[in-house]
Amino acid sequence: MAHSRILGTGSYLPANTVSNAMLAERVDTSDEWIVTRTGIRARHIAADNELTSDLALRAAESAIEASGVDRADIDLIIVATTTPDMMFPSTACILQEKLGMRGTAAFDVQAVCAGFIYALVTAHGYIQSGMAKNALVVGAETMSRLMDWNDRGTCVLFGDGAGAVVLGASDEPGILHAKLEADGHYQSILNTPGRVADGMIHGSPYLHMDGPAVFKFAVKALSDIAARTLAAAGMDKAQVDWLVPHQANLRIIESTARHLGLPMERVVVTLPEQANTSAASIPLALDTAVRDGRIQRGQTLMLEGIGGGFTWGAVLLTF
Ligand code: UT7
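Residues numbered from 1 in each chain as written. Predicted model: local features only at pLDDT ≥ 70, side-chain atom pairs only at ≥ 80, totals over all residues. Heavy atoms only, no water.

Turning to the side chain of S223, a few remarks are in order. Along the chain, S223 turns up in helix 7 (residues 211-232). The class of S223 is buried, set by a relative accessible area of 11%. At a separation of 3.4 Å, a polar atom in the side chain of S223 contacts the side chain of H259. Contacts of S223, omitting those with residues within four sequence positions, involve T256 and H259. (Helix = DSSP H or I, 4+ residues; strand = E, 2+ residues; numbered from the N terminus. Buried < 20%, exposed > 50% of the residue type's maximum accessible area, 1.4 Å probe, protein only. Polar contact = N/O pair within 3.5 Å; in protein donor to acceptor, adjacent residues only side chain to side chain. Contact = heavy atoms within 4.5 Å.)

Okay, the environment of A164 next. Inspection of the secondary structure assignment puts A164 in strand 7 (residues 160-170). Exposure remark for A164: the relative accessible area of 0% places this residue in the buried category. Here the alpha-carbon distance between A164 and A279, two residues 115 residues apart in the chain, equals 10 Å. When neighbours within four sequence positions are excluded, A164 is seen to be in contact with G8, T9, G10, A59, A60, A63, L136, V137, V138 and P283.

So, on to the pattern of salt bridges. With the rule as written, the count across this model stands at 6 salt bridges. The residue D54 makes a salt bridge to K98 at a minimum N-O spacing of 2.7 Å. In this pair, D54 is assigned in helix 3 (residues 52-67) and K98 in helix 4 (residues 91-98), connecting sequence segments 44 residues apart. Accessibility expressed as a relative area gives 22% for D54, which makes it partly exposed. Between R294 and D292 there is a salt bridge whose closest N-O contact spans 2.8 Å. Given the relative accessible area of 30%, R294 is considered partly exposed. Here the salt bridges do not stand alone but share partners, grouping E181, D224 and R228 into one network. (Salt bridge = Lys/Arg side-chain N within 4 Å of Asp/Glu carboxyl O.)

Segmenting the chain into domains produces domain 1 (3-171) and domain 2 (176-318). Computed from C-alpha coordinates alone, the two centres of domain 1 and domain 2 are separated by 14 Å. Each side of the interface is counted separately: domain 1 has 51 residues, and domain 2 has 47 residues. Counting the surface lost from both domain 1 and domain 2, the interface buries some 3,700 Å², and carbon and sulfur atoms represent 65% of this. When residues of domain 1 are sorted by the area they lose upon contact with domain 2, C113, I117 and Y118 head the list and together hold 17% of the total. Linking domain 1 with domain 2 are 0 salt bridges, by the criterion used here. On the surface where domain 1 and domain 2 come into contact, there are 19 residue pairs in polar contact (both at pLDDT 80 or more). Only strand 1 (3-12), helix 2 (31-38), strand 3 (42-44), helix 3, helix 5 (115-128), strand 6 (134-142), helix 6 (152-155) and strand 7 provide two or more residues apiece to the side of domain 1 that touches domain 2. In terms of residue count, the dominant contributor to the side of domain 1 that touches domain 2 is strand 1 (8 residues). (Domains from an automatic or database assignment. Buried area = accessible area lost by both parts, 1.4 Å probe.)

If you look at the biggest cluster of nonpolar residues, it comprises 42 residues, and the most contacted ones within it are L207, L230, L243, M302, I306, F310 and W312. Contributing elements (two or more residues each) for this core: helix 7, helix 8 (250-260), strand 14 (300-307) and strand 15 (311-318). It is helix 7 that provides the largest number of residues to this core, a total of 9 residues. Here this core spans two domains, and each of domain 1 (3-171) and domain 2 (176-318) adds at least three residues to it. For F310, the residues in contact, after removing those within four places along its chain, are E181, A182, D183, G184, Y186, I189, L190, V214 and F217. Membership of the second largest hydrophobic core comes to 35 residues, among which are L120, A279, L286 and L303. (Core = buried A, V, L, I, M, F, W, Y, C linked by side-chain atoms within 4.5 Å.)

Structurally, the position occupied by A119 is in helix 5. Non-local contacts of A119, meaning those with residues more than four positions away in its chain, are made with I78, A80, V109 and V137.

What follows is the structure, encoded as structure tokens:
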């Protein structure tokens, strides 16, 4: 079976930033509470006329350029998003059109904050089986549109953005081992239950979360899957150069790193200035650390994420 390897990374953040102090003018919160409980200081919010596919386009263009792959040689587009432009067509098809491409398979993956991991592993499977040669894998979100801006328990946590990679067939191993898991019994602790029918939205169109329950579940699931992924690959934590985790809460990231026995110097953290960008957070963190030179070719990375569903997964790879 063919190997698959990340050939290039890209990302994009909307220009508009909102600080904790700005949110404190609107809801009963404070910079101190948000920083202490989450590690978040600011978030980027898309402009009214900026859609998820627009953020995806900027990240995708940058990843394609970094990869050196000709657009004509990309034969698969997967977009992980919880905030698609519309019910249908998929954001992946809209992105394909914006990229001026035609004919490539294109579809969305919906696994909320674990979406990028699910999309990456799906693309890996396509490449391994020979069904694709070069895949554009994007995580893009406008989570701000699911926020109840009067709910201090959620609106301080999320932001907008996009990250992308080009994953290509390779003679050298890239993705070494991956695991995807889910448990639908936990859907009530994190969801946006609204559905469209009869020309109306039925149920709440806002994101709802039982924060402490999600926190507890996330720490356990992430620590556990990272350890099992390493074991399945026959590798030791000492061989991991960088942990690139989903960015939801600094305390969750620190706790996962502690369980894994990794010092924080080997963990990529972009949360303070970006908040939780759901499916975009892992590729955003990856691209940030690639472009600032922390992540180097040949290093071993552990990517892991968790989101509503519940869904979670981990990917161990040689960059
Ligand atoms: O992407 C995956 C999904 N998301 C996550 O992984 C998030 C997981 N959960 C968390 O990150 C944390 O649970 C939160 C940051 C959401 C909340 O932190 P917490 O330490 O678990 O706080 P809490 O929900 O237990 O609330 C403690 C207090 C409550 O007040 P009382 O009842 O003690 O008087 C809340 O009402 O903090 C209050 N509170 C706030 N106060 C100021 C909740 N949100 C805020 C706020 N500002 N923004």
